[in-house]
Amino acid sequence: MNLWGPIGVAILELKRSFSPFRIGTWVLMTAFPLLLIQLLLMRISPPPSAEALEAIAFFLIIRVVTVMGLLLWATPAISSEIEGRTWLYMATRPGGGQSVLLGKYLVAIGWAISSGFLAVLGVAWLAPLEDKGVFCLSMMGLVVLASMTFGATLSLIGALVQRRAMVVGMIYLVVVEGVLSAVPATLSELTVTLRLQILESQWLLSPDSPLVESLKTHSTFSLPSIVHVMILLAYTAVALGLALWRIRVGGYLTDPED
Amino acid sequence: MPLIDLGYRRWDGVRSSRMWRALAITHTGLQLVWRTVWLRRLLWFAWLPILPVGIGFFLYEQSITQPDQQRMIAEIMEQAFDRPDVAEIVRRDPKEARHEVWAQMLFAFFRYPQAINMVLLFGLVAPRIISHDLRSRAYLLYFSRPLSVAEYLIGKLLILGTLLMMTTTVPALIVYVFGLLLSPDIGALVQTWDFPLRILLASLVFTLPTASLAMLLSSFTMDSRYASFAWFTLWVLGWVTYGVLTGLDVAEGGSGGGITLLSGSPTTRLVSLYHALGDVQSVVFGILRDPSAAQSAIMLVSVLTIVSILVTYYRVASHLRA
Amino acid sequence: MSQAPSAVIELNHVTRLYNTVIGVNDLHLTIPQGSYGLVGPNGAGKSTLIGLLTGALQPTRGEVRVFGVNPLKEPRVLRRIGICPASELLLPRTPAIDWVTELMMVGGFSLAEARARSIEALRYTGMADAMHLPIGSYSLGMRQRVKLAQAIAHDPDLLILDEPFNGLDPVGRFEMNQFLRQWTGRGKTLILASHVLAEVEMVTDAFLLIYGGRLLAQGTTEELRRIVADLPQQMTLSGPDVARLSGRLAAAPWVESMQLSADRQSLRIEARHADELLTQLNRWIIEDHITVTKMVGAEGDLSSLFDILTRRHRGYAR
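Bear in mind the structure is a predicted one, so any value in this text is a computation, not a measurement.

The next subject is the overall build of chain A. When its secondary structure is counted, chain A shows 11 helices and zero strands. Reading chain A from its N terminus to its C terminus gives the helix and strand order α-α-α-α-α-α-α-α-α-α-α. A globule of 258 residues ought to have a C-alpha radius of gyration of about 18 Å, and chain A, at 19 Å, matches this closely. Taking the principal axes of its C-alpha atoms as reference, chain A extends roughly 60 × 40 × 35 Å. Taken over 258 residues, chain A has a buried fraction of 52%. Intrachain contacts of chain A at a sequence separation of at least 6 include 80% that bridge at least 24 residues.

Per the secondary structure count, chain B includes 17 helices and zero strands. Taken along its principal axes, the extent of the C-alpha atoms in chain B is 90 × 50 × 35 Å. Expressed as a percentage of its 322 residues, the buried residues of chain B come to 47%. Pairs at least 24 apart in sequence give 74% of the contacts found in chain B among residues at least 6 apart.

With that settled, the discussion passes to the interface of chain A and chain C. With 25 residues of chain A at the contact, the number on the chain C side is 31 residues. Of all the secondary structure elements, the ones that give two or more residues to the side of chain A that touches chain C are helix 1 (4–17), helix 5 (87–91) and helix 6 (96–126) of chain A. Top contributing element to the side of chain A that touches chain C by residue count: helix 1 of chain A, with eight residues. Of the residues contributing to the side of chain A that touches chain C, the split by class is nine nonpolar, 12 polar and four charged.

With that out of the way, let us pick up the packing of helix 1 of chain A against helix 6 of chain A. Residues and elements named next belong to chain A. Contact geometry of helix 1 with helix 6 gives a least axis separation of 7 Å together with a crossing angle of 50 degrees. With respect to helix 6, the element helix 1 is oriented oblique. At the point where helix 1 passes helix 6, the crossing takes the right-handed sense. Taken together, the residues of helix 6 that come into contact with helix 1 (itself represented by G5, P6, I7, G8, V9, A10, E13, L14 and S17) are G96, S99, V100, L102, G103, K104, L106, V107 and W111. When its residues are assigned to classes, the contact of helix 1 with helix 6 shows 10 nonpolar, six polar and two charged.

All names here are of chain B. Checked against the element boundaries, V280 lands in helix 16 (residues 273–284). A residue is classified by how many C-beta atoms lie within 10 Å of it, and V280, with 22 of them, is buried. Separated by 16 residues in sequence, V280 and S296 place their C-alpha atoms 9.5 Å apart. Beyond its immediate chain neighbours, meaning those up to four positions away, V280 contacts V205, A294, A297, I298 and V301.

Let us look at the sheet that holds strand 11 (residues 255–260) of chain C. All names here are of chain C. The sheet built from four strands is open, its strands ordered 11-12-10-13 with antiparallel pairing. Only two strands of the sheet have a single neighbouring strand rather than two, namely strand 11 and strand 13 (294–297). When strand polarity is set aside, the average angle formed by the axes of neighbouring strands in this sheet is 15 degrees. Bridge analysis of strand 10 (residues 233–238) against strand 13 gives four bridges, and the strand direction is antiparallel. Along strand 13, the bridge assignment pairs M235 with G297.

Residue and element names in this part refer to chain B. If you check which residues of helix 5 (residues 84–92) are buried, you get V86, A87, I89 and V90. Buried residues of helix 5 fall within an arc of 160 degrees about the axis and therefore sit on the same side. Seen from the open side of helix 5, the exposed residues pointing more than 90 degrees away from its buried face are P84 and R92.

All names here are of chain C. Phi is positive for D155, which is not a glycine, with a value near 50 degrees. Counting through the fold element by element, D155 comes out in the loop between helix 4 (140–152) and strand 6 (158–162). For H289, which is not glycine, the phi torsion reads 55 degrees and is therefore positive. Mapped onto the elements of the fold, H289 is located in the loop between helix 9 (274–287) and strand 13. Take H289: there are 8 C-beta atoms within 10 Å of it, and that puts it in the exposed class.

Here we come to helix 8 (residues 165–179) of chain A. With 15 residues, helix 8 of chain A extends 20 Å between its outermost C-alpha atoms, agreeing within 8% with the 21 Å of an ideal straight helix rising 1.5 Å per residue. Among all positions of helix 8 of chain A, only A165(A), M166(A), V167(A), G169(A), M170(A), Y172(A), L173(A) and E177(A) are buried.

Attention now moves to the nonpolar core. Here is a general trend for soluble globular proteins: nonpolar side chains tend to be buried in one another's company. Formed by 237 residues in total, the largest nonpolar core has its most connected members in I61(A), L71(A), L106(B), L160(B) and V100(C). For this core, the leading source of residues is helix 3 (residues 50–73) of chain A, giving 15 residues. Those residues within four positions of V100(C) in sequence are excluded, and the remaining contacts are S118(C), A121(C), L122(C), A149(C), Q150(C) and A153(C). Listed in part, the nine residues of the second largest apolar core include L237(C), V242(C), L267(C) and A271(C).

Residue and element names in this part refer to chain C. Bridging between strand 1 (residues 7–18) and strand 2 (residues 21–32) involves eight bridges; their strand directions are antiparallel. Each residue of the ladder has a partner; that of L17, found in strand 2, is I22. The turn linking strand 1 back onto strand 2 is made up of two residues, and N19 within it adopts a positive phi angle of 55 degrees.

Take the sheet that holds strand 3 (residues 35–39) of chain C next. Residues and elements named next belong to chain C. Read from one edge to the other, the open sheet built from six strands follows the order 5-6-7-3-8-9, with strand pairing classed as mixed. Each edge of the open sheet carries a strand with a single partner, namely strand 5 (81–84) and strand 9 (214–220). Ignoring strand direction, the axes of neighbouring strands in this sheet form an average angle of 15 degrees. As paired strands, strand 8 (residues 206–211) and strand 9 are joined by six bridges and run antiparallel to one another. Note that in strand 9 the partner of L208 across the bridge is Q218. Relative to strand 6, helix 1 (residues 46–53) is tilted by about 150 degrees, and along the sheet it contacts strand 3, strand 5, strand 6, strand 7 (189–194) and strand 8. Strands strand 5 and strand 6 of the sheet are contacted by helix 4, whose axis makes an angle of about 170 degrees with strand 5.

All names here are of chain A. Relative to the helices and strands, T75 resides in the loop between helix 3 and helix 4 (77–83). C-beta crowding within 10 Å serves as the criterion here: with 32 such atoms nearby, T75 is assigned to the buried category. Every residue in contact with T75, bar those within four places of it in the chain, is listed here: L154, I157, G158, A165, M166 and G169.

All names here are of chain B. Packing of helix 10 (residues 149–167) against helix 17 (residues 295–321) brings their axes to within 10 Å, and their N-to-C directions diverge by 120 degrees. It follows that helix 10 is oblique to helix 17 by the angle criterion. The two elements helix 10 and helix 17 meet at a crossing, and its hand is right-handed. Counting all contacts with helix 10, which are made through V149, A150, Y152 and L153, the residues of helix 17 involved are T312, Y313, V316 and A317.

Let us look at the environment of V146(C). Residue and element names in this part refer to chain C. Topologically, V146 is positioned in helix 4. Classification of V146 as buried rests on a count of 25 C-beta atoms within 10 Å. Taking the C-alpha atoms as reference points, V146 and M127, separated by 19 residues in sequence, lie 7.4 Å from one another. In this structure V146 touches L89, A96, M127 and I135, once residues within four positions along its chain are discounted.

All names here are of chain B. Averaged over every residue, the pLDDT of chain B is 84; residues scoring 70 or more account for 90%. No element of chain B has a lower mean pLDDT than helix 15 (residues 266–269), at 76, and none a higher one than helix 13 (residues 195–219), at 94. Confidence over residues 252–262 falls short of pLDDT 50; this stretch has 20 contacts with residues more than four positions distant or in other chains. Confidence metrics for the complex model read pTM 0.82 and ipTM 0.86.

So, how was this worked out
Residues numbered from 1 in each chain as written. Chains lettered and ligands numbered in written order. Predicted model: local features only at pLDDT ≥ 70, side-chain atom pairs only at ≥ 80, totals over all residues. Helix = DSSP H or I, 4+ residues; strand = E, 2+ residues; numbered from the N terminus. Rg over C-alpha atoms; globule rule 2.2 N^0.38 Å. Buried ≥ 20, exposed ≤ 12 C-beta atoms within 10 Å, placed from the backbone. Contact = placed C-beta atoms within 7 Å. Nonpolar A, V, L, I, M, F, W, Y, C, P; charged D, E, K, R; others polar. Axes fitted to C-alpha atoms, helices over the stretch in contact; angles between N-to-C directions. Parallel < 35°, antiparallel > 145°, perpendicular 65-115°, else oblique. Left-handed = near helix turned anticlockwise from the far one by under 90°. Pairing = 2+ DSSP bridges. Arc of directions from axis to C-beta. Expected span 1.5 Å × (residues − 1). Core = buried A, V, L, I, M, F, W, Y, C linked by C-beta atoms within 7 Å. pLDDT = per-residue confidence, 0-100.

Dropping the structure here:
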């Protein structure tokens, strides 16, 4: 695989992403947390605490819109080429399949990060937070980490599951990252969400927050932030590596079903 | 130039009635989707929830003759289903509570496992149901036959309806019969004769809006992944919005949750299609005594169904006009 | 067939299975530099063979080597291969220039060079005016040209075309012919897969005949005709009094079998020495004043040709 391959794929994918549907999706994902938080601020008197708003912002931006955006951008990387009957053209070029995966991954996290950053800035502007600077920096860092790691795992799902990748991705997000991450057991240590929640608790929340209390039961809670960041980066590298290896092995059916 | 006699023009058989034409679309569509391995796996998985429901029916029927178990049933009704009224009746006379208990369990069956199953099932099958025909221009082949757009859409709708009914209506009817067979006396049939009709109505209420919405999304794009994404996003964002606003309702002194999730105000539940459908189904099963409380939800679901069908019709027909 | 010092393609007892379905079965051949027609009916294994040559498919058994290396283990050899698959492009909104540029970049060219090569290739295939329009607006023939452009833009040494004439009008077919002749004239290797013998004959006289996943024959047109000429061929005569030929045919030593239809309007003949059969038939028809309204033979009929060769391979024909 050469460097120009992923760049070429990323350029075309970026051009394709400026379609009305994708732009509309991006706007919806960016605006959704802002709309909900604005609704909360309008209807509750007195308004929720700064910490509660930060926790809600984390949930909406990191665990909902970033992840949903990546479900659209990253998961169907391979299946969309197969459905468009263009996979064979890529697969018969040196490192072509891997270029597709990496190129689309780069565009996916680009869109997710841009959407997340704007949402964070919007929330910081709207909500009565104590330290907007810390909030913005922490949340943006979390957006980048979440985009990279979830993007990699969803790309891996897309590489492993040739057909119906988005459905499997959805099941993974709900069952693993949604339900399992909340289970107070070793199993949840393997999830991306738990790592992000621990970082959230260390960077944003106060030590006596209820969320922090619930996270303290996990054995890795007290590890420094850098360790959790490294774990997330390792997840990213492993997921991308496995995806690239799977594509290298090949054997994708080039005729879409039906 | 004389017409060339190709032989088949001499066929003088009788064509099938127009009303069955849509079934040809349905039959072919079901054959095609049945080839999907993931679908077959999902259908097997979707039948698992009848086990706890069946066990629930069994325990309840046993409790009629065993007072110890009556307390357990009453507690479940109170804690899990947030129905202290039914719990009271169970403690007083379990037989009298049969209709309410059965209704609650069937409602829970439709509401939780099968609703999630529906989202996954339609997410698996529905995105390609029209988009693939548009992308591959197969619709030109369909409409070169004596087939109207309405018949085409009915056929497609029946594909989704059949799949969903296989995982909701059929298991619900089976568990109902199971409950009858487990009951200690024939009086159960007298008390619950209306349930097959309620099950069918709940299935219709469940299937029609969701299937027409899924078809609408599929008709808007030639790329099935966009339809798939839109489908999942609709449910996720609706649920999240509802969750945030319900927390708001609780903070303002509203009712808390319970397994029924009929918490929050009726207006709040309109932001989530899942919860609006739940309101309508609760009317069907008689859990919500006053249908006017679910008026908004009924209106929303009806409007959604009609608009979805009309827009889908327009979308498909516009390709023929192009 | 031209002789070259080293093989471009080597298949060493290659088999590819799709679960229990045989894609190709024990292919063993060496192809030097030159142009070849890969001819076979639909489902014969042409696309499977192409997939094996390009590394898109892994052989179940055996080994594939292209330019001396295994394309699965050393994908860099794909840089020397250009492929134009048979499947239709479904890219509704992407302009051809953008898509071909992307493919060139995936192949290792820089953005500027990829763009330049793509423009040149699209101009060469007659897409100069339409290259900036979305592929979804193209006719079938235009999409074929785009597919050809991406296959040649990186100037490969081996060009593999799968059904390239599909959807082309007569002018397009002529232009494709011209291009392919020029291509092979440059010393490059060409594999042209088609189920229509006549199309392939216009470009090359060297064939690989594949059927049922097996290689039935390999050689030039002349060698093929000599093989076929020695094999029993079928011919069907239709007319009101063709039955009167039966006596003449029964006496001919090179007639293998005859079958008269129930209505006595059709006579099917199986005979060796097709040229002798035709000569004698013409003479008998004139001498005996027999009315023949239709004559269908094996000559030019690919399915009959394969039927003959398959029967020979199975030992049914000598």
